[in-house]
Amino acid sequence: MYQDVLDFWFNEIDPKKWFQNDLDFDKSIQARFGALHQQAIQGELFSWRDTAQGALAEIIVLDQFSRNLYRDQAESFAADPMALTLAQTAIDKGFDKALSSSERSFLYMPFMHSESALIHEMAVVLFTTLETSNTLEFELKHKKIVDRFGRYPHRNTILGRTSSAEELVFLQEPNSSF
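Residues numbered from 1 in each chain as written. Predicted model: local features only at pLDDT ≥ 70, side-chain atom pairs only at ≥ 80, totals over all residues. Heavy atoms only, no water.

Caption draft 1: Region of interest: unusual backbone geometry. Even without being a glycine, Asp-72 presents a positive backbone phi close to 65°. Counting through the fold element by element, Asp-72 comes out in the loop between α3 (52-69) and α4 (80-92). Overall, Asp-72 belongs to the exposed group, its relative accessible area being 58%. Of note, Asn-175 is a non-glycine position whose phi angle comes to about 60°, a positive value. Among the secondary structure elements, Asn-175 is positioned in the segment after α9 (165-170). (Helix = DSSP H or I, 4+ residues; strand = E, 2+ residues; numbered from the N terminus. Buried < 20%, exposed > 50% of the residue type's maximum accessible area, 1.4 Å probe, protein only.)

Caption draft 2: Local environment of empty space enclosed by the protein. Taken as a whole and judged by the stated rule, the model has 1 cavity of 30 Å³ or more. Estimates place the volume of the largest cavity at around 30 Å³. If you trace the largest cavity, you find it lined by Arg-49, Ala-55, Leu-86, Thr-89, Ala-90, Lys-93 and Phe-95. Take the lining of the largest cavity: its biggest share by element is 3 residues, from α4. When its residues are assigned to classes, the lining of the largest cavity shows 4 nonpolar, 1 polar and 2 charged. (1 Å grid on protein atoms, 1.4 Å probe; cavity = no way out; pocket = protein on both sides within 12 Å on 5 of 7 lines; lining within 4 Å. Points joined across faces, edges and corners; volume = space filled by probe spheres on them. Nonpolar A, V, L, I, M, F, W, Y, C, P; charged D, E, K, R; others polar.)

Caption draft 3: Molecular detail of the environment of Ser-102. For Ser-102, the position within the fold is in helix α5 (residues 101-113). Considering only alpha carbons, one finds Ser-102 and Thr-135, 33 residues apart in sequence, at a separation of 9.6 Å.

Caption draft 4: Inspection of the pattern of salt bridges at higher detail. All told, the structure shown has 13 salt bridges when counted by the stated rule. A salt bridge links Asp-96 to Lys-97; its shortest N-O distance comes to 3.6 Å. According to the relative accessible area criterion, Asp-96 is buried, its value standing at 2%. In this structure, Glu-137 engages Lys-141 in a salt bridge whose closest nitrogen and oxygen atoms are separated by 3.4 Å. Of this pair, Glu-137 and Lys-141 both sit in helix α7 (residues 135-149), 4 residues apart, roughly one helical turn. (Salt bridge = Lys/Arg side-chain N within 4 Å of Asp/Glu carboxyl O.)

Caption draft 5: Broad picture of α4. Taking 1.5 Å per residue, 13 residues should reach 18 Å; α4 reaches 18 Å between its end C-alpha atoms and fits that length. Immediately downstream of α4, the backbone of Gly-94 shows phi near 80°, a positive value. (Expected span 1.5 Å × (residues − 1).)

Caption draft 6: Focus on the layout of surface pockets. For the largest pocket, the calculated volume is near 870 Å³. Around the largest pocket, the lining is made up of 28 residues, and of these Trp-18, Phe-19, Arg-67, His-113 and Phe-178 lie nearest the centre. Among the secondary structure elements, those contributing two or more residues to the lining of the largest pocket are α3, α5 and α7. With 6 residues, α5 is the single largest residue contributor to the lining of the largest pocket. Residue composition of the lining of the largest pocket, grouped by class: 10 nonpolar, 14 polar and 4 charged. Considered as a void within the structure, the second largest pocket measures approximately 270 Å³ in volume. For the second largest pocket, the full set of lining residues is Phe-138, Lys-141, Lys-144, Ile-145, Arg-148, Phe-149, Phe-170, Glu-173, Pro-174, Asn-175, Ser-177 and Phe-178. When residues in the lining of the second largest pocket are grouped by element, the largest group, 6 residues, is from α7. Its residues placed into classes, the lining of the second largest pocket shows 6 nonpolar, 2 polar and 4 charged.

If you want it as structure tokens, here you go:
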């Protein structure tokens, strides 16, 4: 079953879809993987964690699919702590060593999505190991924001947080959100 997630993410779709705001793509994920996402949220995909591929698939469901299924809603970030914990465990097991560079970038993505400066220190180390050209660059941009504000200001409205005056000025700058 986890192979369905990996085939979809790495073989069936154009990689340009990974980071685009595309409501039709979001709807296709909902139709195909909505029920599976709910199982992941409930921790019911625990048997997937026995292999590198299975762990990666569960992380994609929790980290990436959440952003598609709940675009512009607080729920899009609700599974982030679980995805990060699973990624940390997979790395501790050495699963990342069994994955391609592209696959590892998604195993590491929960580190990039974290609002913890400490987690971003580890993210820089992890993304430095990848052969893909721009993932480290994006991590460094994310880290700079978290180091400056202790969070991602572009999430404030969605999460019901009050933005500081400095954050409001920052949000007017180009590339202030992801």
